[in-house]
Amino acid sequence: MLVYAGVCSHAPGITGRADQADPMARDGLYRAFGEMREAIAASGAEALIVVAAEHFANFFMNNMPSFAVGMAEFYDGPIEDSAWLGIEKFRAPGDRDLSKRLIAEVMQTVDLAYAEEWKFDHGIAVPLHFLTPDFDVPIVPVNINCQGPPLAPIARSWALGEALRRAADSVPERIALIGTGGISHWPATPDSGKINEAWDRDFLDRWCRNDKAALLEYDDATVYADAGQGGFEIRTFVTVSAAASSAPGTVHFYEPIPIFAVGCTTASYDLTRPPR
Amino acid sequence: MLRAADEALGSGVRQATMSTCGGSRPGVPRCVLSLYYVQKFLFELNRSEELQTSYWADGRAVLDSYTLTTEEEDALIEPDIGLLFHLGVNGQILMHFAALHQIEWQDYLQRMRDGIETHGPVREGVYAVTGYEGTHDPGRGPGISAGSAEEGGSGAELAERPGRGTGISAGSAEE
Ligand SMILES: [Fe+2]
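Residues numbered from 1 in each chain as written. Chains lettered and ligands numbered in written order. Predicted model: local features only at pLDDT ≥ 70, side-chain atom pairs only at ≥ 80, totals over all residues. Heavy atoms only, no water.

Let us now look at the sheet that holds strand 7 (residues 139–144) of chain A. All names here are of chain A. Read across the open sheet, the 8 strands follow the order 6-3-7-2-8-1-11-10; overall the sheet is mixed. The sheet is open, and its two edges are formed by strand 6 (113–115) and strand 10 (249–257), each paired on a single side. Taking each pair of neighbouring strands and ignoring which way they run, the sheet shows an average axis angle of 15°. With 6 bridges connecting them, strand 1 (residues 2–8) and strand 8 (residues 175–180) associate as parallel partners. The partner of L2 across the bridge, within strand 8, is I175. Against the sheet, helix 2 (residues 23–42) makes contact with strand 1, strand 8, strand 10 and strand 11 (262–269), and its axis sits at roughly 155° relative to strand 10, the strand it touches most. (Pairing = 2+ DSSP bridges. Helix = DSSP H or I, 4+ residues; strand = E, 2+ residues; numbered from the N terminus. Axes fitted to C-alpha atoms, helices over the stretch in contact; angles between N-to-C directions. Contact = heavy atoms within 4.5 Å.)

Below you can see the structure in the form of structure tokens.
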């Protein structure tokens, strides 16, 4: 059963360049992550699905799946240098059997790759650093290719979200679901630090209204022009929208923090309230 | 989009690349754009401490098993971060290569800017295909593509989109 649905940023600077950020902004973001951790714990979640957009840690253009789901007993990370990312090496628990049941249900409507081996990069490691710092909640990683075009159209991310919801509701475990990614950003390029706040706020407005038509309006050429390559990661947010099934959303924190290279965000859907 | 980017690449760039092609392995095509293999090498290097050890010991020998041009091989040995970015290497791979070489963050960003300044717009890959936005050159201003705009490609059209450049934080230049 799905008991929590939210989104957050995952930029490596959030932990790796923490000392270079405006302390007020950084501490505000960290507090927001803390509140998200508490909300997930309060939901009684027994497992956490993380819909991420990894960055060539496991998946590469030699064999690039549009969608992949982890099916392992454990996941090691971070794949990046620990000092660079500011996160110590860890082993996060998985739940192979739960993954298998979720995958089987998702596959009824959405084609997937699965992976019995998966090393977390910052796309998952940064959120977990804040949300399950004791690594006491089994993780089911889900990846959407947002790096190596051609990318699956955003409508397919919506379909994935609907399938994940159906799958989560089909198992007895209490399931939390988060999507992680940037909104507008130009990560790891000369334009790192540029953030299109107006575009981000418009996107988050659509996300909170959970307006399917408005969310599926985006195409990659426009997204790239207005929101950079990092904007392709809105797929993870859109997947969570679909999974939340018309529930209303709230942005708990949004602030452009240039040294973190993204408009830092936490937001969630209220699954207990009737759809808008 | 793709066609515009293709035109933006232009025959001049292709010929320049052809003339710098090398490679000594028998049976391997000598004059191909091999961005894929540059990135494949960096992807594998980022994942494998064993490969990193071999790279430090004898980089040329390691690179021999990848289909690379002389230009690419030299850039990977140097390392020439600016040239690698110009060639089209994805920053999500390149930033770890820079970190491996103890190049700190602001220096990494500057080297990419210098690479574009020296070599021109990104030649291939995700940034080139979609019309690379450009550098922080205040003379160009936001929203002007450093890539295909001059060629009358997609960048120029995109630059005319209303609302572009507004509400954009200038970013790391301010830090
Ligand atoms: Fe990312």
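The structure having been displayed, the exposition proceeds.
Residues and elements named next belong to chain A. Bound to the iron ion on the protein side are H10 (NE2), H55 (NE2), E233 (OE) and E233 (OE), at distances that span 2.0 to 2.8 Å. For the iron ion, the single-chain donor residues occur in sequence as H-x44-H-x177-E. Placement of the pair is H10 in the loop between strand 1 and helix 1 (13–16) and E233 in the loop between helix 9 (220–227) and helix 10 (234–244), with a sequence separation of 223 residues. By the burial criterion, H10 is buried, and E233 matches it. (Donors = N, O, S within 2.8 Å, 3.2 Å for Na, K, Ca; no water. Buried < 20%, exposed > 50% of the residue type's maximum accessible area, 1.4 Å probe, protein only.)

Another aspect to go through is the pattern of salt bridges. All names here are of chain A. For the coordinates displayed, the defined rule picks out 18 salt bridges over all chains. In this structure, R206 engages E217 in a salt bridge whose closest nitrogen and oxygen atoms are separated by 3.1 Å. Here R206, found in helix 7 (residues 197–209), pairs with E217, found in the loop between helix 8 (212–215) and helix 9; they are 11 residues apart in sequence, far enough to count as distant. (Salt bridge = Lys/Arg side-chain N within 4 Å of Asp/Glu carboxyl O.)

With that out of the way, let us pick up the packing of aromatic side chains. On inspection of all chains with the given rule, the structure shows 22 aromatic pairs over all chains. Ring centres of Y30 of chain A and F130 of chain A lie 4.9 Å apart, and the angle between their planes is 55°; this geometry places the pair in the tilted category. Note that Y30 of chain A is positioned in helix 2 and F130 of chain A in helix 5 (residues 122–131), a separation of 100 residues in sequence. Taking 4.9 Å as the distance between ring centres and 85° as the angle between the ring planes, the aromatic pair formed by Y36 of chain B and Y37 of chain B counts as edge-to-face. Ring-pair connections join several aromatic residues into one group, and the members of that group are F56 and F60 of chain A together with Y36, Y37 and F43 of chain B. The ring of W105 of chain B carries R17 of chain A above its face, with NZ or CZ at 3.8 Å from the centroid. The ring of F74 of chain A carries the charged tip of R91 of chain A above its face, separated from the ring centre by 3.7 Å. (Phe/Tyr/Trp six-rings, centres within 6.5 Å; stacked < 30°, edge-to-face > 60°. Lys NZ or Arg CZ within 6 Å of the ring centre and 35° of its normal.)

All names here are of chain B. Running from N to C, helix 2 (residues 35–47) and helix 6 (residues 91–100) point in directions that differ by 55°, and their axes come no closer than 9 Å. Classed by the angle they form, the pair helix 2 and helix 6 counts as oblique. At the point where helix 2 passes helix 6, the crossing takes the left-handed sense. Note on element contacts: helix 6 touches helix 2 through I93, H96, F97 and L100, opposite Q39, L42, F43, L45 and N46. Class assignment for the residues of the contact of helix 2 with helix 6 results in 6 nonpolar, 3 polar and no charged. (Parallel < 35°, antiparallel > 145°, perpendicular 65-115°, else oblique. Left-handed = near helix turned anticlockwise from the far one by under 90°. Nonpolar A, V, L, I, M, F, W, Y, C, P; charged D, E, K, R; others polar.)

Let's shift gears to empty space enclosed by the protein. Picture a little ball the size of a water molecule; that probe, rolled over the atoms, points out where space is still empty. One pass over the structure, following the stated rule, counts 7 cavities of 30 Å³ or more. One number sums up the size of the largest cavity: a volume of about 130 Å³. Taken together, 20 residues form the lining of the largest cavity, with A11, P12, H185 and P187 of chain A together with Q92 of chain B sitting closest to its centre. Across the lining of the largest cavity, the residue classes break down as 9 nonpolar, 9 polar and 2 charged. (1 Å grid on protein atoms, 1.4 Å probe; cavity = no way out; pocket = protein on both sides within 12 Å on 5 of 7 lines; lining within 4 Å. Points joined across faces, edges and corners; volume = space filled by probe spheres on them.)

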